[in-house]
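# Examining the three-dimensional arrangement
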Amino acid sequence: MEVHRLDCVLDWDGVLSDPMSLTVNVTGAGQAVSGTGSFAMPARFVGPAMRSGTSPKAVFHDGTGFDIEVTRFDMRTGIAYFQTLGALEFLVRKRA
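Report on the accompanying structure. (Residues numbered from 1 in each chain as written. Predicted model: local features only at pLDDT ≥ 70, side-chain atom pairs only at ≥ 80, totals over all residues. Heavy atoms only, no water.)

Attention now moves to the environment of V33. Of note, V33 is situated in the loop between β3 (20-27) and β4 (34-40). Overall, V33 belongs to the buried group, its relative accessible area being 1%. As for V33 and E89, which are separated by 56 residues in sequence, their C-alpha atoms are 8.0 Å apart. (Helix = DSSP H or I, 4+ residues; strand = E, 2+ residues; numbered from the N terminus. Buried < 20%, exposed > 50% of the residue type's maximum accessible area, 1.4 Å probe, protein only.)

Here it is, written out as structure tokens:
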């Protein structure tokens, strides 16, 4: 397992977060690279975006990114826990 700290913004149903860091625990090899992690949930996402039924996308400054699914949100701490959806292409390219 590898741990990556990724600087990005979240795009959740067209609503963008301020720049933030995601901690991603990466597992797998080759094309089957996926991850889980956590981030401090931006206040603007609590409520409407979470109820929208859509998943956020982590977007890097170059416009690339990956989809995530929030699996749990701790209202006491404001931390959201997620899993990635699909392969983490940026890691596959970096390792090639």
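Turning next to the side chain of H4. For H4, the position within the fold is in strand β1 (residues 2-12). At 2.8 Å, the side chain of H4 and the side chain of E2 are in polar contact. (Polar contact = N/O pair within 3.5 Å; in protein donor to acceptor, adjacent residues only side chain to side chain.)

Our focus in this paragraph is the pattern of salt bridges. Summed over the entire model, instances satisfying the criterion amount to two salt bridges. Of the charged contacts in the structure, one is a salt bridge between D74 and R76, with a shortest N-O distance of 3.7 Å. The exposure class of R76 is exposed, given its relative accessible area of 77%. (Salt bridge = Lys/Arg side-chain N within 4 Å of Asp/Glu carboxyl O.)

Glancing now at the pairing of β1. Direction of pairing for β1 relative to β3: antiparallel, over a ladder of seven bridges. Bridge pairing in β3 links V3 to N25. Relative to strand β5 (residues 57-59), β1 is paired through three bridges, and the arrangement is antiparallel. In the strand pairing of β5, L10 is matched with A58. Note: β1 against strand β2 (residues 15-16), two bridges, orientation antiparallel. Across the sheet, the residue bridging to D11 is L16, located in β2. (Pairing = 2+ DSSP bridges.)

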